[in-house]
Amino acid sequence: MMGFKEQVAADLARVFMNPNEFAEEHDLNGTVCLCVIEAQRTEEKYLRGAVYDPYEGLHGVGVTVHVEARLLPDIPVEGMQFNLDGKVMIVDACTQEAGLLSIVLKGHAS
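Okay, so let's go over this structure. (Residues numbered from 1 in each chain as written. Predicted model: local features only at pLDDT ≥ 70, side-chain atom pairs only at ≥ 80, totals over all residues. Heavy atoms only, no water.)

1. Considerations on the overall build of the protein
Check the secondary structure of the protein and you find 2 helices and 6 strands. Start at the N end of the protein and walk to the C end: the helices and strands fall as α-β-β-α-β-β-β-β. Expressed as a percentage of its 110 residues, the buried residues of the protein come to 32%. Across the protein, every contact between residues at least 6 apart in sequence was considered, and the portion connecting residues at least 24 apart equals 54%. Accessible area of the protein: about 7300 Å², with a carbon and sulfur share of 56%. (Helix = DSSP H or I, 4+ residues; strand = E, 2+ residues; numbered from the N terminus. Buried < 20%, exposed > 50% of the residue type's maximum accessible area, 1.4 Å probe, protein only. Contact = heavy atoms within 4.5 Å. Areas by Shrake-Rupley, 256 points an atom, 1.4 Å probe, with all protein chains shown as cover.)

2. Side note on the pattern of salt bridges
A pair can form between side chains of opposite charge whenever their charged atoms are brought close. Within this structure, the stated rule accounts for 1 salt bridge. Among the ionic pairs, glutamate 68 bridges to arginine 70, the shortest N-O distance being 3.1 Å. A relative accessible area of 12% means that glutamate 68 is categorised as buried. (Salt bridge = Lys/Arg side-chain N within 4 Å of Asp/Glu carboxyl O.)

3. Some points on the nonpolar core
When a protein is soluble and globular, its nonpolar side chains tend to lie buried together. Counting 15 residues, the largest nonpolar core has Leu28, Val65, Val67, Leu72, Leu84, Ile103 and Leu105 as its most contacted members. Listing elements by their share of this core, those giving two or more residues are strand S2 (31-39), strand S3 (60-68), strand S4 (81-84), strand S5 (87-97) and strand S6 (100-108). In this structure, Leu12, Met17, Ala23 and Leu100 belong to the second largest nonpolar core, which totals 5 residues. (Core = buried A, V, L, I, M, F, W, Y, C linked by side-chain atoms within 4.5 Å.)

4. Here's the deal with the pairing of S3
Counting buried positions along S3 yields 8 of 9 residues, so the element is predominantly enclosed. Alignment of S2 against S3, held across 4 bridges, turns out to be antiparallel. Among the inter-strand pairings, valine 36 is bridged to a residue of S3, identified as histidine 66. As paired strands, S3 and S6 are joined by 9 bridges and run antiparallel to one another. From the neighbouring strand, glutamate 68 faces S6, where its bridge partner is leucine 100. (Pairing = 2+ DSSP bridges.)

5. Considering unusual backbone geometry
Positive phi is not limited to glycine here, since asparagine 29 has a value of about 55°. Along the chain, asparagine 29 falls in the loop between strand S1 (24-28) and S2. In the Ramachandran plot, aspartate 85 falls in the positive-phi region, its phi being about 50° despite a non-glycine side chain. Tracing the sequence through the fold places aspartate 85 in the loop between S4 and S5.

Structure below.
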């Protein structure tokens, strides 16, 4: 019988990072790998303490990239440049839980 940690790792690979379910292939800083990209939801941004910006979305974009930590050669840090599919963005935050990185990126709208 699998323990909780083993079950989470199995679910991560079988479901969340499965290209037939959620994951898609993207270029993350020169490493092409499976990940899940989501647009930042308003409530998440304000829960993190962001200040209301009436021009948000007109001049910038925010996304969160979920990727297995083992797939990237380096863990991104706040403030560094990060290339997402050819677009240069800035790392706003990066967390790691159960082997999964959640990288919050900001960039200019194109």
